[in-house]
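So you can see what is in the structure, the chains are spelled out below.
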Protein chains: 2
Amino acid sequence: MSKNSGVLKRQRFGYNTDSCGRYRRFINFTKTALSAPVKIALLGFGTIGTGVAKILLNNAARIAQAAGRNVELARICDKDIRTPRDISVPENILTAGIESVINDPAISIAVELIGGLEPARTFVLRLLESGKDIVTANKALLASHGAELFETARKHGRTIAFEAAVCGGIPILNALSTALQANTLQSINAIVNGTSNYILSQMESGQTSYQEAVKQAQQLGYAEADPAMDVDGTDAVQKLTILAQLGFGVAVNWKDISRIGIESVDAIDFRYAKELGYRIKLIAAAVRSNGGLELHVSPTLVKADNPLARVKDAFNALRIVGDSVGPVFFQGLGAGQLPTASAVVGDVIDTVLGRTAITFKALNLWGKETADSGRQSAAVKSPQEFFGKSYLRLNVKDQPGMMHEISGVLSKLGISIASMIQHEPETKNGGEPAVLILTTHETREGDLLKAIQALENSPAVLEKVVRLRVQG
Amino acid sequence: MSKNSGVLKRQRFGYNTDSCGRYRRFINFTKTALSAPVKIALLGFGTIGTGVAKILLNNAARIAQAAGRNVELARICDKDIRTPRDISVPENILTAGIESVINDPAISIAVELIGGLEPARTFVLRLLESGKDIVTANKALLASHGAELFETARKHGRTIAFEAAVCGGIPILNALSTALQANTLQSINAIVNGTSNYILSQMESGQTSYQEAVKQAQQLGYAEADPAMDVDGTDAVQKLTILAQLGFGVAVNWKDISRIGIESVDAIDFRYAKELGYRIKLIAAAVRSNGGLELHVSPTLVKADNPLARVKDAFNALRIVGDSVGPVFFQGLGAGQLPTASAVVGDVIDTVLGRTAITFKALNLWGKETADSGRQSAAVKSPQEFFGKSYLRLNVKDQPGMMHEISGVLSKLGISIASMIQHEPETKNGGEPAVLILTTHETREGDLLKAIQALENSPAVLEKVVRLRVQG
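Residues numbered from 1 in each chain as written. Chains lettered and ligands numbered in written order. Predicted model: local features only at pLDDT ≥ 70, side-chain atom pairs only at ≥ 80, totals over all residues.

S.K.: It is not clear to me how the overall build of chain A should be interpreted in this structure. Could you clarify?
M.R.: Within chain A, the regular secondary structure consists of 17 helices and 20 strands. Sorting the 472 residues of chain A into buried and exposed places 53% on the buried side. For chain A, the share of sequence-separated contacts (at least 6 apart) that also reach a separation of at least 24 residues comes to 74%. (Helix = DSSP H or I, 4+ residues; strand = E, 2+ residues; numbered from the N terminus. Buried ≥ 20, exposed ≤ 12 C-beta atoms within 10 Å, placed from the backbone. Contact = placed C-beta atoms within 7 Å.)

Written as structure tokens, this is what we have:
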């Protein structure tokens, strides 16, 4: 960075004092100022990285207007800089070496889109130490190393922005960090994994098995070659970790969050759910209850008139309830090149303008004070103490006394049945396995798990009990 | 404000320079800083004002945490300070005189909740001139005097925050001003008036006439004693003016926006709309089309699977499409004491933190540069040039040649029919008035209006044609 542009900047930013003695930052959007660009580096030139490059290069004038100065894509770093992408970038900004970013003092913002834990973690730490602000879409990294990264950023007076890490283009972290700050949140219930929502939507439409739906998701580019992290709830739990930090001020290790994937859901569960007036969605939930906070990800029966029930295909959505604002609902594309890149570039603009610096300080995320700040923090409940309704699918012997035995097991453990479905068997003989669906009233999780075990030990129950949550 | 607290502030805010020569604002959340409160005044102690007082007084610790310092409700100004409200406030902060707010240099933020144009306009101008930042929920004021107010604020180095002016607790202005900035918006379609949405919902449920629904809305406190501004679209147009400014950078006079209220909708329109696969909503729309921007408020047939179609009762919602983010949908309570107060207090926190100052400068709302900034601005189209689909309800003579004549009128003017419904009359005689429903393909508005006039002049058509828009 030339000495000259430093001078230009000094003309742009400054402070003055008003009649109350308040310090005021002022920004002058003069042409001189616009000509002194902010240089940013992109780490990772995959799908999202290409999207970010597209937005920055194709909309440079508009972004300069929004950010108050030109934003220059000064470096793109990827181990593969040979494979052509569907945007052409100046050859000389491509590099395979991270050192040229870390060691370039002219670069002030690094956009981390490598994904995964390493080398992303080491790179981000070194970039923060060398004075760069970070914009990232890496939920796994934040869910695993949030505390370390934020502490390092604070130590070096830098910031981390991460709107793109949760629900792609939906500006949800922004809403939680700013406009909804007057609220104590009651709950966040969210569909945060587009792949599993697509698979569930296909299965619900009734013509697709789980295996086929997974294959379709892969063909459409929603699911990875190995979709394990999507369908087993890992991705959703990592995003929930971030939402819990922002919405409730709690720092949890994502591995400690109760998690059930969508593999346990069968085509017939959609049919029974519909009969009961519900849809099935993979819900990531953070719910305040009895002074504690319940955190879990699991396939959940959602009432058909809840807007979350109607979120189809690869969309993401969140229903947030605050003590003042009441219920607020957000829906949008949770993944994909441009929606995610939209969030990344929004964060770049916020970082250039200095909004990120203010929010970052004020929230003190993953900071020591958060837990006892009294702001919105809540003690995370142990799964045994969760309290909620459940759907149970039992394969039972269709014979006299079966119902008496099952209801006896539940009654002994204090589990109250809310509804029950058993359809006539297709063959008229009786005595063959039948499906029995039960929903419970609100039950302590520990008691329910005991009851499930007792049911599975009962001679009337033939297979493992399938259990889904029901949104109260 | 004592000299002492001025010193405390100087310790809190400041700037330093980093290795790139960038200026950085820093904020220290020390206990000393927290003990120097920001003093705010409330103008208007009605429903929303009482809500703001409740949040500020009942959640002082949490708000201090979010804002980085204590927020002190130092003055409440209302012409009626005798009637008891459902919150108790210190007697000595109540005043009937605005001068004690304007002349108190210790008050740095004034929250304007008086509503309407005067005296709100004069008060806000004087408050800005005397060095106070403004937070307001007054859409009418901004829609009529936005340019004057923002110019005055800029001149005096002050800010205006107004999240609560549009869609109550839904953090939509925040999203448009920050997180969605990377996008060129394609469209905003929104339900922004809870009263008319409640009335339409009741009529749609099929058991309520327009008059009964209005009465119910009044009993529930949704509608004013005189609900004219809600049902004739005035309120919606004023909010659309603000959305158009934020989303598309255009400054329009709300009186110039094409506006149709919900009075023209009849119970039978809901039945026909349903038959065609639609719901009817009062939609405020800003849509980019052929390089221009269409702005209008009107009862609109919305496809049943569009999330806007399912927004019931007093809820508000917005569907925004950006070039990168794709469709994003927001829903929440658009009015009411605490949802609106939630937005007001969010703005207070943003103003205290300095986020508002950054956003306010960057957006340059109602500023001279906006129109030719190239950012997102678009030329506002004249209504004659709008282009879209329509629903027409005709009362016709049920006699031979009627359909031939009507189709002839439309064909001559180049209007293409997309669908048509005429049900058998209940009496079997024929010759009695019948209802004919037509929907058109995309049509230039000027041509459609000519066609409607021609239809009304035709002897086959018995009454004024009812015309609703259809969402493409």
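And the narrative resumes.
S.K.: Is there a simple way to think about the confidence of the model for chain A in this case?
M.R.: Caution applies to low-pLDDT regions: their predicted coordinates should not be interpreted in detail. All names here are of chain A. On average, residues of chain A carry a pLDDT of 89, and 89% of them reach 70 or more. When the criterion is pLDDT under 50, residues 1–34 qualifies, and its contacts beyond four places in sequence or with other chains add up to 64 contacts. Below a pLDDT of 50 lies the segment residues 370–376, which in the model reaches 21 contacts outside its immediate sequence neighbourhood of four places, other chains included. (pLDDT = per-residue confidence, 0-100.)

S.K.: Would you take a moment to explain the packing of helix α16 (residues 402–412) of chain A against helix α17 (residues 445–457) of chain A for this structure?
M.R.: How two helices sit against one another is set out by the angle between their axes and by the gap between those axes. All names here are of chain A. It is the contact of α16 with α17, at a shortest axis distance of 9 Å, that shows an interaxial angle of 150°. What the angle tells us is that α16 and α17 run roughly antiparallel. At the point where α16 passes α17, the crossing takes the right-handed sense. Between α16 and α17, the residues in contact are Ile406, Val409 and Leu410 and Ala451, Ala454 and Leu455, respectively. Considered class by class, the residues forming the contact of α16 with α17 number six nonpolar, no polar and no charged. (Axes fitted to C-alpha atoms, helices over the stretch in contact; angles between N-to-C directions. Parallel < 35°, antiparallel > 145°, perpendicular 65-115°, else oblique. Left-handed = near helix turned anticlockwise from the far one by under 90°. Nonpolar A, V, L, I, M, F, W, Y, C, P; charged D, E, K, R; others polar.)

S.K.: Teacher, can you tell me more about helix α14 (residues 337–353) of chain B here?
M.R.: Side chains three or four residues apart in an α-helix point the same way, a direct result of the helix having 3.6 residues per turn. Taking 1.5 Å per residue, 17 residues should reach 24 Å; α14 of chain B reaches 24 Å between its end C-alpha atoms and fits that length. Most of α14 of chain B is tucked away, with 17 of its 17 residues classed as buried. (Expected span 1.5 Å × (residues − 1).)

S.K.: Sorry if this is basic, but what is going on with the sheet that holds strand β4 (residues 71–77) of chain A here?
M.R.: Sheet strands associate in pairs through backbone hydrogen bonding, adopting either a parallel or an antiparallel arrangement. All names here are of chain A. Reading across the sheet, the six strands line up as β5-β4-β3-β6-β7-β8 and stay open at both edges, with parallel pairing between neighbours. Each edge of the sheet is formed by a strand with only one pairing partner; in this case those strands are β5 (94–95) and β8 (160–161). Bridging between strand β6 (residues 107–112) and strand β7 (residues 133–136) involves four bridges; their strand directions are parallel. Each residue of the ladder has a partner; that of Ile109, found in β7, is Asp133. Where helix α3 (residues 47–58) meets the sheet, it contacts β3 (38–43), β4 and β6, and its direction lies at approximately 155° from that of β4. Across the sheet, helix α6 (residues 120–129) lies against β3, β6 and β7, angled at about 165° from β6, the strand it touches most. (Pairing = 2+ DSSP bridges.)

S.K.: Just checking my understanding: could you explain the environment of Val192 of chain A for this structure?
M.R.: Inspection of the secondary structure assignment puts Val192 of chain A in the loop between β9 (185–191) and α9 (194–204). Look past the residues within four positions of Val192 of chain A in its chain and what remains in contact with it is Val166, Cys167, Ala236, Lys239, Ala284, Asn316 and Gly334 of chain A.

S.K.: What should I look at first to understand the packing of helix α3 (residues 47–58) of chain B against α14 of chain B in this one?
M.R.: Residues and elements named next belong to chain B. Across the interface, α3 lies against α14 with an axial gap of 8 Å and an inter-helix angle of 60°. For the crossing formed where α3 meets α14, the hand is right-handed. Here Thr47, Ile48, Thr50, Gly51, Val52, Ile55 and Leu56 of α3 come into contact with α14, specifically with Gln337, Leu338, Thr340, Ala341, Val344 and Val345.

S.K.: Would you take a moment to explain α17 of chain A for this structure?
M.R.: Residues and elements named next belong to chain A. A rise of 1.5 Å per residue sets the reference length of α17, with its 13 residues, at 18 Å; its end C-alpha atoms lie 18 Å apart and thus fit the reference within 8%. The complete set of buried residues in α17 reads Glu445, Leu448, Ala451, Ile452 and Leu455. For α17, the angular spread of the buried residues around the axis is 115°, confining them to a single face. Where α17 is buried, its residues contact β16 (387–397), α16, β18 (433–440), β19 (443–444) and β20 (466–470). (Arc of directions from axis to C-beta.)

S.K.: Got a minute to help me understand unusual backbone geometry in this structure?
M.R.: Negative phi is the rule for most residues except glycine; trans is the rule for most peptide bonds. Cis geometry marks the peptide bond from Glu118 of chain A to Pro119 of chain A; its omega dihedral reads 10°. Turning to its location among the elements, Pro119 of chain A is positioned in the loop between β6 and α6. Its identity as a non-glycine residue notwithstanding, Asn364 of chain B has a phi of 50°, on the positive side. For Asn364 of chain B, the position within the fold is in the loop between α15 (355–363) and β15 (379–380). Since 18 C-beta atoms lie within 10 Å of it, Asn364 of chain B is described here as partly exposed. The phi dihedral of Trp366 of chain B is positive, around 55°, even though this residue is not glycine. One can find Trp366 of chain B in the loop between α15 and β15.

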